[in-house]
Amino acid sequence: MIEFLVGNKNAAMTHVHAEDAAAAAGLEAVRRAPSIYDLTIQLLHRRGLAIDKAILDRDVCLPRVASDSVVDAWLSVYRDPARFWELYELAEKLVDFEDYFRRWRFNHVTTVERVIGFKRGTGGTSGVSYLRKMLDVVLFPELWQVRTQL
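The rules behind the values
- Chains are numbered independently. Their residues run from 1 in the order of the written sequence.
- Whole-chain, interface and lining totals are the exception, using all residues; otherwise, since this is a predicted model, local features are given only for residues with pLDDT of at least 70 and side-chain atom pairs are given and counted only at 80 or more.
- Computation of side-chain values covers all heavy atoms of the structure but excludes hydrogens and water.
- A fitted line through C-alpha atoms serves as each axis, taken over the contacting stretch for helices, and the angle formed by two N-to-C directions is quoted from 0 to 180°.
- A run of H or I in DSSP becomes a helix once it reaches four residues, and a run of E becomes a strand once it reaches two; helices and strands are each numbered from the N terminus.
- Oblique is the label for every angle not falling under 35 degrees (roughly parallel), over 145 degrees (roughly antiparallel), or within 65 to 115 degrees (roughly perpendicular).
- Contact between two residues is taken to exist if any of their heavy atoms lie within 4.5 Å; hydrogens are not considered.
- Residue classes follow a fixed rule: Ala, Val, Leu, Ile, Met, Phe, Trp, Tyr, Cys and Pro count as nonpolar, while Asp, Glu, Lys and Arg count as charged, and any other residue, Gly among them, counts as polar.
- In a helix, the anticipated span is given by 1.5 Å times the number of residues less one.
- Only protein chains enter the accessibility calculation, which uses a 1.4 Å probe; a residue is then buried when its area is under 20% of its type maximum, exposed when over 50%, and partly exposed in between.
- Take a side-chain nitrogen of Lys or Arg and a carboxyl oxygen of Asp or Glu: if they are within 4 Å of each other, that pair is a salt bridge.

Trainee: Hey, could you run me through the packing of helix H6 (residues 85–116) against helix H8 (residues 141–149) in this one?
Mentor: Helix-helix packing: each pair is described by the crossing angle between the helix axes and the interaxial distance. With their axes 10 Å apart at the nearest point, H6 and H8 run at an angle of 110° to one another. The orientation of H6 with respect to H8, classified from their angle, is roughly perpendicular. Note on element contacts: H8 touches H6 through Leu143, Trp144 and Arg147, opposite Ala91, Glu92, Leu94, Val95, Glu98 and Arg102. Grouping the amino acids of the contact of H6 with H8 by side-chain chemistry returns five nonpolar, no polar and four charged.

What follows is the structure in structure tokens.
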């Protein structure tokens, strides 16, 4: 559920809970709702920053693709933090969250490998190989891309 809340909308992850109707329904509801980052991008738009209409109108059930208009919006925020202080602070909190989440993922894969080796994962995944792929997932790509342009 945390993955869905922060925008990693991998619908296949709901199948693991197919036999638990309440859990599956809860996951599906969160998957169909805007993520924290979707809501953040909408906030950028409401604060007067130009976001492509296709980004604002996209199907929030699907994984996000990085957007130049979102990068440009964050550039405006980072270049004038006094004017956009709340957005700047929000951006930094999202980056902090992703930093901590990446560390948690790394610790998780290391612990799993230590405990079960390369056996099948308890969540129905391939185990360690799946978890290693998850280390490459970027939740808030524009917030990392913007650093290259600053």
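Trainee: How do you make sense of helix H5 (residues 68–79) when you look at a structure like this?
Mentor: Structural remark: α-helix, 3.6 residues per turn; residues separated by three or four positions point the same way. When the terminal C-alpha atoms of H5 are compared, their 16 Å separation across twelve residues agrees well with the 16 Å that a helix rising 1.5 Å per residue should span. Burial in H5 covers these residues: Ser69, Val70, Val71, Ala73, Trp74, Leu75, Val77 and Tyr78. Next to the buried residues of H5 lie helix H3 (36–46), helix H4 (53–56), H6 and H8.

Trainee: Got a minute to help me understand the pattern of salt bridges in this structure?
Mentor: As a working rule, side chains carrying opposite charge can pair if their charged atoms are close by. For the structure shown, the criterion picks out eleven salt bridges. Put simply, Arg103 and Asp99 hold a salt bridge, and the shortest N to O gap is 2.8 Å. One end of the pair, Arg103, and the other, Asp99, are both in helix H6, four residues apart, so they sit about a helical turn from each other. Taking the shortest distance from any N to any O, the salt bridge between Glu113 and Arg132 comes out at 2.7 Å. Residue Glu113 is located in helix H6, and its partner Arg132 is located in helix H7 (residues 128–134); the two are separated by 19 residues in the primary sequence. Under the relative-accessibility criterion, Glu113 is labelled partly exposed at 28%. Overall, Arg132 belongs to the partly exposed group, its relative accessible area being 41%. Through salt bridges with shared partners, one network takes in Glu28, Arg31 and Arg32.

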